[in-house]
Amino acid sequence: MKLFPNKKEKSYSIIVGCGRLGANLAGALYDKGANVLIIDNNKESFRKLSPSFGGISLLGDATDFFVLNESDIKNATAVVAVTNNDNTNILVAQIAKELFHIPHVIARLYDPERECVYHELGIDTICPAVLSAKEVDRILNMGEVTEEAI
Ligand code: AMP
């Protein structure tokens with residue numbers, strides 16, 4: 001079954017985990033015109049999606065091969081794994097990269113110490129702790145510049 005009949009003309013992104021980040025990301029990609037499918041193993045999580053979200057919600061455990069097949073992962077252009085579990089995100093990212101050769105694969109990692117290992121596997125990662133530290137540093141330095149300028 002084709003989930004998105006016009007998939008050839010558009011990018012097809014799969015978001016794994018419909019938490020605060022996943023739901024926002026799914027909405028933003030959908031608004032930009034992408035085909036979007038979002039997976040979560042808790043049906044309550046889909047309530048975080050914006051009412052205007054017109055993509056597909058798939059209930060299931062994303063580490064389950066049957067669920068990934070149902071998501072039509074083989075035709076995805078991007079897979080973004082943003083569950084609240086680093087191991088789940090990495091497992092899904094590795095399956096997407098190595099078994100399905102998805103061009104863009106990103107995993108969220110809570111533990112910054114593991115980041116370099118996954119870069120070696122060719123998986124892009126985002127680490128909220130590292131990003132937050134950089135942003136705090138940027139804001140603090142902005143303050144310094146402003147004070148100097150006065
Ligand atoms: P948050 O912590 O707000 O980013 O939410 C993370 C989301 O990931 C929650 O909605 C969880 O239900 C979801 N989640 C956790 N493990 C899995 C899994 N194995 N498959 C699909 N969704 C998951």
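What about the overall build of the chain?
- On a plain count of helices and strands, the chain comes out with 5 helices and 6 strands.
- Ordered by position in the sequence, the α and β elements of the chain form the string β-α-β-β-α-β-α-β-α-β-α.
- By principal-axis analysis of the C-alpha atoms, the chain measures approximately 65 × 35 × 30 Å.
- Looking at the chain residue by residue over its 150 residues, the buried ones come to 40%.
- Put simply, 48% of the contacts in the chain that link residues at least 6 apart link residues at least 24 apart.

Considering the environment of G19
- The topology assignment puts G19 in the loop between strand 1 (12-16) and helix 1 (20-31).
- Given the relative accessible area of 24%, G19 is considered partly exposed.
- Separated by 20 residues in the primary sequence, G19 and I39 place their C-alpha atoms 10 Å from one another.
- Apart from residues no more than four positions distant in its own chain, G19 is found in contact with D40 and K48.

Concerning the packing of aromatic side chains
- Under the criterion given, the structure shown has 2 aromatic pairs.
- Aromatic side chains Y30 and F53 sit 5.7 Å apart centroid to centroid with 65° between the ring planes, which places their arrangement in the edge-to-face category. You can see Y30 sitting in helix 1 and its partner F53 sitting in the loop between strand 2 (35-40) and strand 3 (56-59), a full 23 residues away along the chain.
- The partly exposed category is assigned to Y30, whose relative accessible area is 30%.
- Under the relative-accessibility criterion, F53 is labelled buried at 13%.

A short note on the nonpolar core
- Core analysis: the biggest nonpolar cluster contains 27 residues, and I14, I39, I73, V79 and I102 have the highest contact counts within it.
- At the level of elements, strand 1, strand 2, helix 2 (65-70), strand 4 (78-81), helix 3 (86-99) and strand 5 (104-108) are the ones that each hand at least two residues to this core.
- Looking at this core element by element, the count peaks at 5 residues for helix 3.
- Beyond its immediate sequence surroundings of up to four residues, I73 is in contact with I14, L68, V79, A96, F100 and I102.
- Listed in part, the 12 residues of the second largest apolar core include C18, A23, I38 and F53.

Parameters at a glance
Residues numbered from 1 in each chain as written. Predicted model: local features only at pLDDT ≥ 70, side-chain atom pairs only at ≥ 80, totals over all residues. Heavy atoms only, no water. Helix = DSSP H or I, 4+ residues; strand = E, 2+ residues; numbered from the N terminus. Buried < 20%, exposed > 50% of the residue type's maximum accessible area, 1.4 Å probe, protein only. Contact = heavy atoms within 4.5 Å. Phe/Tyr/Trp six-rings, centres within 6.5 Å; stacked < 30°, edge-to-face > 60°. Core = buried A, V, L, I, M, F, W, Y, C linked by side-chain atoms within 4.5 Å.

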